Each structure stands twice: as C-alpha cells, then as structure tokens.
Amino acid sequence: MAAQTRQAAIVGGNRIPFARSNGAYARASNQDMLTATLDGLVARFGLQGEQVGEVVAGAVLKHSRDFNLTREAVLGSRLSAATPAYDVQQACGTGLEAAVLVANKIALGQIESGIAGGADTTSDAPLAVNEDLRRVLISLNSAKTLQQRLKALAGIRPGQLLPEIPRNAEPRTGLAMGDHAAITAKEWEIGREEQDELTVRSHQNMAAAYDRGFFDDLVTPYLGLSRDNNLRPDSSVEKLAKLKPVFGKGEGATMTAANSTPLTDGASAVLLASDEWAAERGLPVLAHLVDAQTAAVDYVHGGEGLLMAPAYAVPVMLARNGLTLQDFDFYEIHEAFASTVLATMKAWEDPAFCKEKLGLDAPLGSIDRSKLNVYGSSLAAGHPFAATGGRIVASLAKTLHQAGPGKRGLISICAAGGQGVVAILES
Amino acid sequence: MSDWYRDFANSGVGNTITKQLGLPRPAVLRRYEPGQPLLPGPVVIGSAGEGRLRDEVTRLLRDAGVTVVSPVAADGSSGGERFGAVVLDATGLTGPADLAGAHDFLAPAIKRLRASGRVLVLADPPGGTTSPAQAAARQALDGLVRSIGKELLDGSTANLVHVPLGAEGALGSPLRFFLSGRSAYVDGQVLTLAAADLPGGEDADRPLAGKVAVVTGAARGIGAAIAKVLARDGAHVVAVDVPMAGEQLAGVANEINGTALQLDITAADAPARLVEHLRERHGGVDVVVHNAGITRDKLLVNMDAARWNSVMAVNLQAQLDITAALLAADGLLKPDARVVCVSSQSGIAGNRGQTNYAASKAGIIGMVRSWAPEFAERGATINAVAPGFIVTEMTAKMPFGTREVGSRINSLQQGGLPVDVAETIAWLAQPGSGGVNGQVVRVCGQSMLGA
C-alpha cells in the first residue's frame, strides 16, 4: 500500500436525462440505463477498451436478477471486459457513497482510476411474489414425494396472486418518506411559501444552466430525451401556490407534488482517477474529493427526523477539516423535499439544536443562499435514487473547476433509513 | 439504402433489358478498402507534346505498386491486358495542333479501359501562359476531359489536374486519389495544384496516424461517415454534434475509438469551448472538417427570417467563427493543418426552394478561396468539398420520382454514398495533400447540375 494517501481527482461525469416515472424510460431497465450511461462516459473521455480500476454503482430498487448489476453493465459497455465492478446500496446516498468508495481506493493507491455511479427505475420496478405464495412455492420446490407436492399446492389461495409492490415507505414506521418529511417540516416550522420559492429557484437555475450549455458535457440524451422531463422552466410561486398538499395532514400541511421530488428514472456515472492517470490521458482534473462522512439518526424511537442525518454528518466532517460552514463557495443540498433543505439549514442556524444534538458551543450558522444548488437540484431534475449522487458530484466538480482553483464545495445527501452522506470537493 | 435500379441493371435479365431499351446502366463502383491495390490493372501513360511529368508519374505509380505500360506497346496488338487507368501528360501542349496527340493516345487507350477505370489528364493551368494559342490548347482540355467523363461507361471517371511549374512535387497524393477507389464518385473535376513542402513516408493504409481530427455534425449521415473514414485512416476523431444528437454521437465515437463533444456550434462561446477542449485534451488539432449543416427549405418569397438565419448561422457563420478562433489560438492549429469545408452542389448550381442553403454553401466557397493564401503560408490547406446527390436518410424521405431523377442525372447514373464524400475529405486531410489548397472538389459523379 502507498505510504501516503492522495486525493482522488474527479475527471468528469455523465448521466442520462432523468425521466418521470412510467414515461420516457418506462421500458428501460436499470442495467439498460447504467450501460448507456457508462457508454456515454466512455465516448466523452475516449475510454473504449480501457481497463478502469473499478466500477462501483448500485440501484435502490433492484430486481433479484440484477445481483451483479454493475458488472453486467460493464460487460455490456465499451469498457474493457477486464474491468472489475461491484454493487453498493445506501438508499439515496448510493451514488455519493459509490464515489467515496472509489475515491478512497484511489487515495490509498489501490486503484488509479474508477467509475462511480447509480441507476434507478420506479417504472421497471421489481414486483415480488406474494409472501404467502412464496412460502408455498418454496415448500413445493423442496417437496420430494407426490403427496408432499399436492399438500404444498393445496396451500395456494386466490389472495396470494397479489404481488408485493415496492413502496417508498420506511419499513419500521410504515410512513412514506414524504410523511416523515412533513413531520420534520412541521417541527421546524417550514412555511409553504419558502418551500415553493426554493422549488421555483431550483427549476429556474436548472433551466438557465441547460440554456447556457452547462450540461453539454454532463448529460447524454437517451431514448429521445435530451433534458430532464420534470424540469419546468416556467415554474412560478403563484402557480405552485395553487397545488394541494400531498404529505402531512390537515391545517399546516405544506408539502405538495411540486416541492417534493417525483418518482424518477435515470442513471449517472462519475470518472475518478489519480492526477497522474488523468494527466497521462490528457484528461482534466475538475476537482478533488477531499473528505466524506456518513451519519445516521434514530428516527424510529429517538425523536429525530428521518432525513436529518446530514445535519449531524456535516459538523463532524467540518471539524476534521478545520472548516466552518461558511468556508464554501458552493453548497449542494439534495432536494429530496424543499422542506428537507430548509429544515437542515434551519437546524444549523439553531443554537439549541447545535448545542443539544450536535454538541457544539455555537450554531454552525447560515448559508449564503446564492451559493446553494446553483444549477438546480432534485426538485427540478428529479431524483432516481441511486443516480442523484453522481449527478451532484459531476456537476459540482465542473462548477468548482469553472470558478477557478482552490474553490470548495459541500455536498449533503439525506437517505432512507435515517442516513446521510456528505462530502467536500475542492478545485 | 440500396440502389434497387443499379442492382437490377447489373442482374442477368436487367442487363439485357436495360441494354435493349437504352436505359441508364449504372455500374457497381469500385470503392476503396484498406489493403486494396491502387488499381485493378496497369496504367498506360501517354503524352501530348513534350511533357515534363511522365517520368515523375511513372516513378510515383511504380512506388505505389502499379504496373506502367507505354502506349506504343499498348496500341497495335489486340487482346492485350485491359487498363486500370489511362494517364495523359499534356504539359507539353504548345498550341491546338498538339491536341491531336491527345486524341491519338486517348482513343485507343480508353477503348481498353476496365470497368471503374480512370482517365486522368495532367496539364499546365491555362492562366500560366502569355501565348493565346497555348492557353487555348490548355483550356481545350477542360472540354475534352469533361466530355470523356460523359462518354465513359461502367463506373469509369475522367478528371483533370493542373500542375503549374514548381508544383510537380505535390502530384503524388492527387495522382493516387484520382486513380484509386477513394475517388469512386469524383468525376469530371478540374483541380489546380500549388507548390508545397510535403512530408514523406506516410503509411499508405493509415495516412492520418497520430492526427487529431474534428468533425462537426458527426452524429449521423455524411458526418458519421467522415468520422469513420478518418478513424480508419488512423486519426483520433473528436466527433462534434448538437447536444440533442448526443446519443447517436456517443455511438459513433465509441464505434471508432474517438471522443464525443456535444456542442452547439452556433453558440456564442462555441469557438472558445472547442479551442479549450482541443488544447486541454489533445494539445492541438491537425484536421478540421466543417460538415454540420441544416436545411430549412422554402421558396424565397415565403421564407421567414428564422429559416434564413438558422441556415446561415449553422452552415456558414459557424465555419467562419470556428476557423477564425482556431487560427487565432496560438499554436493550436498544427502547422500542416488541413481544414475541409463541406459545401454543396446547391451552392454551385442553385436549387429551387433552397435560397438560404445555396447561399450559405456558395459562401463557403468564397471563404475557402479567401483563406487559402493565409493557410498556405502556414503550410496548411483549406478546401471545400461539394457533394452532389448523396444517398442518406434525408434523400430516402424524398418522393420516389424526385429521388430517382435526382440520383440518375450524372455521368455515373447513380447517387453517391456518404463514404464517397468522406473518402474525398480524408484524402484532402492527408499530410501529402498539401499541394491542394483553396480548391472546390465536387463529389457528384459529374452531375449535370451546375457543371
């Protein structure tokens, strides 16, 4: 192993436009999307036949046949078939966690290059056999005599024909993620208008970024789509104000279909490498991955919000790097819901939360909103769970590179199961 | 898309029927494949007057592995081997009387030309003399060669290359091109060479090895064919197209081990972004092919400003802006760079409903001619290629009658293929083609339009 570690370089990225569920990509599988995304990355950086150190990716909603999703995607791509790959899954943190894993191996000198990514489809979602039927079928399979087989078959009931459909809900609470977020929004007194304002800004920022060609070297069209089809450039606070809340109950419910991310299909990939590997190939170094941190909260019994873990992860990472929350030129806070972004920022400004929950003497303070999600985020693009991390890492790295050397960016991504993944990039 | 009529005319029964009815009999053209000999048969070389190129041509052809025979042996005896090509050195012309020598040599030689044969006439440019009689004789070759092109059968072509005094050293690359299968659909053309310092020793099968080439509009059609042929000849291709075409573009780049660059070439910052990309990723560029083009057809009286402006922006202004930016970027354009601009038959002949397109494509010719001296000073070249009726997805959508007529009104009686345009561009991109500068090469099978 290398005596000294080094920072992994982010060379660039690729993603397919994100598509609203059951739309443009209704018939595309995770493997289709991930393969196309890898091929787009290969084309952008001339990696045909290249043996990359490792490809790490995953999907949150995954068919059992996709047990080796990433390796299968590599085999179907133009990368060398001798490129190893493995799957990871950390809910909405999957993409960023994959980038951290690749970066860490590069930092340790175990690999010189790697691709991190993720894909998710809510259209081509896995349906499982009804749990009762599954038990029957397993006993049928293990039956040795005709008598045993008939006995097993006798256990079949009409009701067992209903399949198990994956739900966007927490197994331990039965609540949808949006319902959890609504609880947090209420607790932090996040208003409807500020959520809608954040949403509109996300759409406007992303539309403007598309118009100025920012995504030209970050996105490759797929199946007739060349922009995220959730993007509403003409979105306005007045229009959003007319929508009825969909999460939370009764008076004070603030979360609508607009200020919450819709179910989306898509895939993304990021190329990371050592500086030397990039230089040998004439490839750019957009930024380095400086550090990363995960955290988890007890949202079941501990009274913390499901999506508040990044609020805990960030101060740990800041302390380790001797930084304050204000020492960043750009902030990328994943917009699972507008209220999540606002609650996280409010928590960092809150003396009581920072003292009691984070154990800090003073609050982390506020963030300059003009530096937040400057080319839009998940509310505009959509959020194919495992693909969001790659989208953010590549876009932020490019933004930092364009801003010049020594610029710093913070990424904060909340995930199901009360988890959070955060990271620092620097150009 | 296959040419059903050509296939029919070349079938047993089709052969008989088309012959008896006097219908067009398009041939299956000899097209280049790597490793292929330059010609399928020997070359016969003759002179009109006391020419100065015969020894040089003989040497060049022998170096290329071609058997050279002299007209004396080829003439009288019957049943001899048929020729792959007939080359006339007409640099000795002093007046019209010498043209009889051209006739005496060409007539029996062309009788023994193989299918997909080549007639190539080498001469001094008419402008380079003070004698009206000599100028007349030289200019006469123009009419002679173009008429031969129209008389030749079975996919054979005739072309004329002007070789001014001092430009003899630049003859090798054009000579090989016009005789080879690369020029399958180039017919009835007149090219004027210029003196140039040329590097030697390029690999005949990979003349672009180590070169970096940019091709705009590379996602499909002619652009994709250009990218593929340049890559086949050894270049690393940076395939450029609008972001909307990115999926197909990535497919092309991956097929040829090139790279994809999604860029709207009409964007204000497009030239700067292209310069930055080439500098960062490749340190410079050797070959630039301005191929991207659009049509927005409408009769002039019905044409709105949007149609006019978008065609001008993509087809002409972007070529001007990008070329200017490449020239201005210090050291980016390699000293022996090759820029090839795709013009069109419409730009030469005009076309109903295409005032905007034809104007833009004619403009390209003006641009190329204007820039040629500056490029020559750098040891670089800039040329235009004007495709005629080329069979693409676009022509497949034309009405049957229009398409059939459009594709037959040329000496080869068939439409060209994207690869024919690509081969011509790849030839102009070769290091050895430095003597070809400021020229317009039509790839049109000697179309009757604008000829």
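Residues numbered from 1 in each chain as written. Chains lettered and ligands numbered in written order. Predicted model: local features only at pLDDT ≥ 70, side-chain atom pairs only at ≥ 80, totals over all residues.

### Observations concerning the overall build of chain A
Just so we agree on the cut-off: Helix and strand labels come from DSSP, where a helix needs a run of H or I of at least four residues and a strand needs a run of E of at least two; each type is numbered from the N terminus. Radius of gyration here is computed from C-alpha atoms only, and the compact-globule reference equals 2.2 Å multiplied by the residue count raised to the power 0.38. Buried residues are those with 20 or more other C-beta atoms within 10 Å of their own C-beta, exposed residues have 12 or fewer, and partly exposed residues lie in between; C-beta atoms are placed from the backbone. Note on contacts: each residue gets a C-beta atom placed from the backbone, and two residues are in contact if those atoms are within 7 Å.
Tallying secondary structure elements over chain A gives 14 helices and ten strands in all. Scaling as 2.2 N^0.38, a compact globule of 427 residues should have a C-alpha radius of gyration of about 22 Å, and chain A matches this with 22 Å. Expressed along its principal axes, the backbone C-alpha trace of chain A runs to roughly 75 × 60 × 45 Å. Split into buried and exposed, the 427 residues of chain A put 54% on the buried side. Partitioning the intrachain contacts of chain A with sequence separation of at least 6 by distance along the chain shows that 81% fall at a separation of at least 24.

### Considering the overall build of chain B
Counting secondary structure elements, chain B contains 16 helices and 13 strands. A compact globule built from 451 residues should have a C-alpha radius of gyration of about 22 Å, and chain B, at 22 Å, falls within 12% of that. In terms of its C-alpha atoms, chain B occupies a principal-axis envelope of roughly 65 × 50 × 45 Å. Burial analysis of chain B (451 residues in total) assigns 51% to the buried set. Restricting the contact set of chain B to residue pairs at least 6 apart, pairs at least 24 apart contribute 76%.

### Details of helix α13 (residues 355-378) of chain B
Residues and elements named next belong to chain B. Basically, it comes down to this: Multiplying 1.5 Å by the residue count of a helix minus one yields the expected span of that helix. To get the bend at a given residue, fit one axis to the seven residues ending there, fit another to the seven starting there, and take the angle between those axes.
Across its 24 residues, α13 extends 35 Å between first and last C-alpha, which sits within 8% of the 34 Å expected from 1.5 Å per residue. Most pronounced at Ala372, the bend in α13 amounts to some 45 degrees, and the proline Pro373 follows within four residues. Buried residues belonging to α13 abut α11 (305-328), β11 (333-342), α12 (345-349) and β12 (381-387). Two residues or fewer after α13 comes Gly379, characterised by a positive phi angle close to 80 degrees.

### A closer look at the nonpolar core
Defined as follows: Here, a nonpolar core means buried Ala, Val, Leu, Ile, Met, Phe, Trp, Tyr and Cys residues linked by C-beta atoms lying within 7 Å of one another. Domains are outlined according to an automatic or database domain assignment.
By size, the foremost hydrophobic cluster in this structure holds 256 residues, and its most contacted members are A:Leu272, B:Ala213, B:Leu230 and B:Ala239. A domain-level breakdown of this core finds at least three residues from each of domain 1 (31-192) and domain 2 (212-443) of chain B. Excluding anything up to four places from it in sequence, B:Leu230 contacts B:Leu208, B:Ala213, B:Val215, B:Ala235, B:Val237, B:Val287, B:Ala426 and B:Ala429.

### A few points about the packing of helix α8 (residues 221-232) of chain B against helix α16 (residues 418-429) of chain B
All names here are of chain B. Put simply, the rule reads: For every element, the axis is a line fit to its C-alpha atoms; helices are fit only across the contacting stretch, and the angle between N-to-C directions ranges from 0 to 180 degrees. An angle counts as roughly parallel when it lies under 35 degrees, as roughly antiparallel when it exceeds 145, as roughly perpendicular when it falls between 65 and 115, and as oblique in every other case. Rotating anticlockwise by less than a right angle from the far helix to the near helix defines a left-handed crossing, while the corresponding clockwise rotation defines a right-handed one. Under this grouping Gly is polar, as are all residues other than the nonpolar Ala, Val, Leu, Ile, Met, Phe, Trp, Tyr, Cys and Pro and the charged Asp, Glu, Lys and Arg.
Between α8 and α16, whose axes approach to 8 Å, the crossing angle comes to 45 degrees. Judged by the inter-axis angle, α8 sits oblique to α16. Here α8 and α16 pass one another in a crossing that is right-handed. Mapping the contact onto sequence places Gly221, Ile222, Ala225, Ile226, Lys228, Val229 and Leu230 in α8 and Pro418, Val419, Val421, Ala422, Glu423, Ile425, Ala426 and Ala429 in α16. Taken together, the residues of the contact of α8 with α16 sort by class into twelve nonpolar, one polar and two charged.

### Side note on the domain arrangement of chain B
Residues and elements named next belong to chain B. We note that the domain assignment places domain 1 (31-192) and domain 2 (212-443) within chain B. The gap between the C-alpha centroids of domain 1 and domain 2 is 29 Å. On the side of domain 2, 19 residues touch domain 1, which itself brings 21 residues to the contact. For the side of domain 1 that touches domain 2, the elements supplying multiple residues, two or more each, are α6 (132-151), α7 (172-179) and β6 (190-192). Ranked by residue count, the leading element in the side of domain 1 that touches domain 2 is α7, at four residues. Partitioning the side of domain 1 that touches domain 2 into residue classes produces ten nonpolar, seven polar and four charged.

### Things to note about the pairing of strand β5 (residues 113-120) of chain A
Residues and elements named next belong to chain A. Keep this limit in mind: When DSSP finds two or more bridges between two strands, those strands count as paired.
Within β5, eight of the eight residues are buried, which leaves the element mostly enclosed by the surrounding structure. Neither face of β5 is open: one carries Ser113, Ile115, Gly117 and Ala119, the other Gly114, Ala116, Gly118 and Asp120, and all of them are buried. With three bridges joining them, strand β3 (residues 54-57) and β5 adopt parallel strand pairing. Across the sheet, residue Val56 finds its bridge partner in β5, namely Ala116. By the bridge criterion, eight bridges tie β5 to strand β6 (residues 264-273) in an arrangement that is antiparallel. Across the sheet, the residue bridging to Ala119 is Ala267, located in β6.

### Concerning unusual backbone geometry
Residues and elements named next belong to chain A. A positive phi angle, close to 50 degrees, is found at Glu189, a residue other than glycine. Summarising the element assignment, Glu189 is placed in the loop between α6 (177-187) and α7 (192-211). Notably, Leu223 is not glycine yet its phi reads approximately 45 degrees, a positive angle. You can see Leu223 is positioned in the loop between α7 and α8 (237-241).

### Thoughts on the interface of chain B and chain A
Chain B puts 18 residues into the contact, and the matching count from chain A is 18 residues. Counting residues per element, the ones that place at least two in the side of chain B that touches chain A are α9 (246-255), β9 (259-262) and α10 (270-282) of chain B. The dominant element in the side of chain B that touches chain A, judged by the number of residues it contributes, is α9(B), at five residues. The residue inventory of the side of chain B that touches chain A, partitioned by class, reads seven nonpolar, seven polar and four charged.

### A closer look at the environment of B:Gly284
All names here are of chain B. Of note, Gly284 is situated in the loop between α10 and β10 (285-290). For Gly284, a count of 15 C-beta atoms within 10 Å puts it in the partly exposed group. As a C-alpha pair, Gly284 and Val443 span 159 residues in sequence and 29 Å in three-dimensional space. Setting aside its immediate chain neighbours within four residues, Gly284 contacts Val212, Leu278, Gly331, Leu332 and Lys334.

### Structural notes on the sheet that holds strand β3 (residues 83-92) of chain B
Residues and elements named next belong to chain B. In space, the six strands of this open sheet follow the order β2-β1-β3-β4-β5-β6, with parallel pairing throughout. With one partner strand each, in any of the chains shown, β2 (68-69) and β6 form the two edges of the open sheet. The sheet contact formed by strand β4 (residues 113-123) and strand β5 (residues 157-162) spans six bridges and is parallel. From the neighbouring strand, Val119 faces β5, where its bridge partner is Ala158. Against the sheet, α7 engages β3, β4, β5 and β6, with an angle of about 155 degrees to β4.

### Here's the deal with the sheet that holds strand β13 (residues 440-443) of chain B
Residue and element names in this part refer to chain B. With parallel pairing, seven strands are arranged side by side in an open sheet as β9-β8-β7-β10-β11-β12-β13. Both outer strands of the open sheet, β9 and β13, are each paired with one neighbouring strand and no more. Neighbour to neighbour, the strand axes of the sheet diverge by 20 degrees on average, direction disregarded. Against the sheet, α9 contacts β8 (236-241) and β9, and its axis sits at roughly 160 degrees relative to β9.

### Structural notes on the pairing of β5(B)
Side chains on a regular strand alternate between the two faces of the sheet. Residues and elements named next belong to chain B. Along β5, six of the six residues are buried, which leaves the element largely enclosed by surrounding structure. Across the two faces of β5 the burial is the same, with Thr157, Asn159 and Val161 and Ala158, Leu160 and His162 all buried. Bridging between β5 and β6 involves three bridges; their strand directions are parallel. Note that in β6 the partner of Val161 across the bridge is Leu191.

### Focus: the packing of α10(B) against α11(B)
All names here are of chain B. Following both chains from N to C, one finds α10 and α11 inclined at 45 degrees, their axes separated by 9 Å at the closest point. Classified by the angle their axes make, α10 and α11 are oblique. With respect to the hand of their crossing, α10 and α11 are arranged in right-handed fashion. Here Pro271, Ala272, Leu274 and Val275 of α10 lie close against α11, whose contacting residues are Asp321, Ile322, Ala325 and Leu326.

### Structural notes on α9(B)
Within an α-helix, residues lying three or four positions from one another point in the same direction, as the helix has 3.6 residues per turn. Counted residue by residue, α9(B) has seven buried out of ten residues, so it is predominantly covered. Phi for B:Asn257, located one or two positions after α9(B), is positive at around 55 degrees.

### Points about the environment of B:Gly117
All names here are of chain B. With respect to the secondary-structure elements, Gly117 resides in strand β4. A tally of 27 C-beta atoms within 10 Å means that Gly117 is categorised as buried. Taking the C-alpha atoms as reference points, Gly117 and Gly181, 64 residues apart in sequence, are found 9.6 Å from one another. Look past the residues within four positions of Gly117 in its chain and what remains in contact with it is Phe83, Gly84, Ala85 and Ser156.

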